[in-house]
Amino acid sequence: MTDTDRLPQPATADIDLVTVLHALGDPVRMTLLLSYADGAEHSCDPGGLGLEHLHKSTVSHHMRVLREAGVTTTRVAGRNRLVSLRRTDLDTRYPGLLDALLAAASS
């Protein structure tokens, strides 16, 4: 897979803690984080993410914020976009951060 298969995102070294925490300060984006925590790639379909009550453009906005903060990566597959959590990159940059956020969000 090449970088041209992915939408723009910050390099691991450029992921900023304040930006990550700001991105995850929204309840919808925390819901997305919980969905992405399974390690799989997810389509942008709001229904498949438990966000069927939101308009598709709203969900797309939240996904963009997470990607631009370095929380997720988006792979382009034809007309589809597949989103996954950048767990390894985030654990490298901020060890324990995701585990703490996921534990707090699921309790």
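Since the structure is predicted, the reported quantities are computational estimates derived from the model, not experimental observations.

Caption draft 1: View of helix H5 (residues 97–106). By the burial criterion, the buried members of H5 are Leu97, Leu98, Leu101 and Leu102. Projection of H5 onto a plane perpendicular to its axis shows the buried side chains occupying an angular sector of 120°, all on one side. Those residues of H5 that are buried are in contact with helix H1 (17–23), helix H2 (27–36), strand S2 (80–85) and helix H4 (87–93).

Caption draft 2: Local environment of the pattern of salt bridges. Inspection of the entire model under this criterion finds 5 salt bridges. The residue Arg86 makes a salt bridge to Asp89 at a minimum N-O spacing of 2.9 Å. We classify Asp89 as partly exposed; its relative accessible area is 23%. What emerges from the salt-bridge pattern is a single network uniting Arg87, Asp91 and Asp99.

Caption draft 3: The arrangement of the environment of Leu33 in detail. Relative to the helices and strands, Leu33 resides in helix H2. Along the sequence, Leu33 and Arg64 sit 31 residues apart, while their C-alpha atoms lie 13 Å from each other. With near-sequence residues (within four places) excluded, Leu33 lies in contact with Leu24, Val71, Leu85, Leu98, Leu101 and Leu102.

Caption draft 4: Representation of the environment of Val65. Topologically, Val65 is positioned in helix H3 (residues 56–69). Note on Val65: relative accessible area 18%, which makes it buried. Taking the C-alpha atoms as reference, Val65 lies 19 Å from Asp5; in sequence the two are 60 residues apart. Setting aside anything within four residues of it in sequence, one finds Val65 in contact with Ala23 and Arg29.

Caption draft 5: Structural detail: the packing of H2 against H5. Relative orientation of the contacting elements H2 and H5 amounts to 110°, with a least axis distance of 10 Å. Taken together, the axes of H2 and H5 lie roughly perpendicular to each other. Taking contact as the criterion, the partners of Met30, Leu33 and Leu34 in H2 are, on H5, Leu98, Leu101, Leu102 and Ala105. Classifying every residue of the contact of H2 with H5 by side-chain character gives 7 nonpolar, no polar and no charged.

Basis of the calculations
Residues numbered from 1 in each chain as written. Predicted model: local features only at pLDDT ≥ 70, side-chain atom pairs only at ≥ 80, totals over all residues. Heavy atoms only, no water. Buried < 20%, exposed > 50% of the residue type's maximum accessible area, 1.4 Å probe, protein only. Helix = DSSP H or I, 4+ residues; strand = E, 2+ residues; numbered from the N terminus. Arc of directions from axis to C-beta. Contact = heavy atoms within 4.5 Å. Salt bridge = Lys/Arg side-chain N within 4 Å of Asp/Glu carboxyl O. Axes fitted to C-alpha atoms, helices over the stretch in contact; angles between N-to-C directions. Parallel < 35°, antiparallel > 145°, perpendicular 65-115°, else oblique. Nonpolar A, V, L, I, M, F, W, Y, C, P; charged D, E, K, R; others polar.

Without other data, these values stay purely geometric and don't point to any function.
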